[in-house]
Amino acid sequence: EDLSLKYQNLQEIGKDSAESNFERLKRTSDQRAKDADALIAGLKKEIAELRKSSSKEHREPKESPETANLRKEVSSLKTEKERMSKEHSETKEKLQTAQNEAKSLEAKLVAARQQLSASTTCSNGSQQDGKGVPASAQKNSQSNRGGASIYSSEAQKEAKMKENLYSDLTGMIIRGVKRKDGEDEYDCIQTGRNGTLHFHLSVANETTATTPKTPSGSSYEDAEFAYEPFLDPHRDAALLDLLPDYLTEEICFPRSHAVKFYSKVGECMTKKVVMDEEESG
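Residues numbered from 1 in each chain as written. Predicted model: local features only at pLDDT ≥ 70, side-chain atom pairs only at ≥ 80, totals over all residues. Heavy atoms only, no water.

Caption draft 1: Structural view of the sheet that holds strand β3 (residues 195–204). Judged by pairing direction, the sheet is antiparallel, and its five strands sit side by side in the order β1-β2-β3-β4-β5 without closing on themselves. Two strands close off the open sheet at either side, each with one partner strand: β1 (172–180) and β5 (251–254). The sheet shows a mean angle of 25° between the axes of neighbouring strands, direction not considered. Across eight bridges, β1 lies against strand β2 (residues 183–192) in antiparallel orientation. Residue pairing in the sheet places I173 in a bridge with I189 of β2. Packed on one face of the sheet, helix α5 (residues 258–270) meets β1, β2, β3, β4 (224–230) and β5 and runs near 30° to β2. (Pairing = 2+ DSSP bridges. Helix = DSSP H or I, 4+ residues; strand = E, 2+ residues; numbered from the N terminus. Axes fitted to C-alpha atoms, helices over the stretch in contact; angles between N-to-C directions. Contact = heavy atoms within 4.5 Å.)

Caption draft 2: Up close: the packing of aromatic side chains. Under the definition given, this model contains four aromatic pairs. Geometrically, the ring pair formed by F199 and Y227 is tilted, given 5.4 Å between the ring centres and 50° between the ring planes. With F199 in strand β3 and Y227 in strand β4, the pair connects residues that are 28 residues apart, well separated along the chain. Neither residue differs from the other here; F199 and Y227 are each classed as buried. Pairing F253 with F261 gives two aromatic rings, centres 4.5 Å apart and planes at 25°, and the pair type is stacked. Looking at F261, the relative accessible area reads 10%, which means it is buried. Taken together through their ring pairs, the aromatic side chains of F199, F225, Y227, F253 and F261 make up a single cluster. (Phe/Tyr/Trp six-rings, centres within 6.5 Å; stacked < 30°, edge-to-face > 60°. Buried < 20%, exposed > 50% of the residue type's maximum accessible area, 1.4 Å probe, protein only.)

Caption draft 3: Expanded view of the pattern of salt bridges. Going through the model one piece at a time under the given rule, you end up with six salt bridges. Put simply, D187 and R175 hold a salt bridge, and the shortest N to O gap is 3.9 Å. Taken as a pair, D187 in strand β2 and R175 in strand β1 lie far apart in primary sequence, twelve residues in all. Both residues of the pair, D187 and R175, count as buried. Between K264 and E267 there is a salt bridge whose closest N-O contact spans 3.8 Å. Of this pair, K264 and E267 are both found in helix α5, three residues apart, which corresponds to roughly one turn of the helix. The class for K264 is partly exposed, based on a relative accessible area of 28%. (Salt bridge = Lys/Arg side-chain N within 4 Å of Asp/Glu carboxyl O.)

Caption draft 4: Structural detail: the environment of K178. Note on placement: K178 falls in strand β1. With relative accessibility at 54%, the residue K178 sits in the exposed group. Spatially, the C-alpha atom of K178 lies 9.3 Å from that of S202, the residues being 24 residues apart in sequence. With sequence-adjacent residues up to four places away left out, K178 is seen in contact with E183, D184 and E185.

Structure, rendered in structure tokens:
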């Protein structure tokens, strides 16, 4: 009985001790959890306050009326500057176009004067030939020449009309033709929105087999053209920037490439060029 009583006492003591230890550990654990929750809540509160403070610091201050007026004035001046820059560019382009048109008209005027001078010289020569001839012979001669003169005049008029139409359609002015050194030399001016290009085109004629500038021969199919431009570095500075290198120097090309050559010349003289705006200082 004594042993049984002692065993029961030991069981009760162990049970009470275990329960006591469990309660103590539970209280300690609960306290630590509460402390942790309190710490987390405090940290969250501090973070929220820091965010709020940071937001206030980065918020732009209220703009004063003077600053607002200055901002509007700057914006207005900027818009006005852009408008004036655009107008300047358009005016510059119109001026360049007007200058090129003036050059074209001047070239046409020079060509017309040359033709008028040649016509006057021819007329004076005919009158000079009639001096010293008897009246009857002059009358017969004048009668014969009258019909030929009318025919010649009509032919010249028709040729001039064709030339004018060709010039209006293509912008090409043929100022004159010279036959020299076994070749025909055409004095040409190509007009266009980008200025005027003065050049000579030479091609072999039927009087010779070879020429200094067109060495391929005199047959129509084999004949070569010789292109010789007349460009001034100062007067034609803008045009020199547009032309490809091969149109700024003397070149030769076969007759079969004549259309391609002229197409390139016309393209360079008529294509629209976008002018760069000058940077303001």
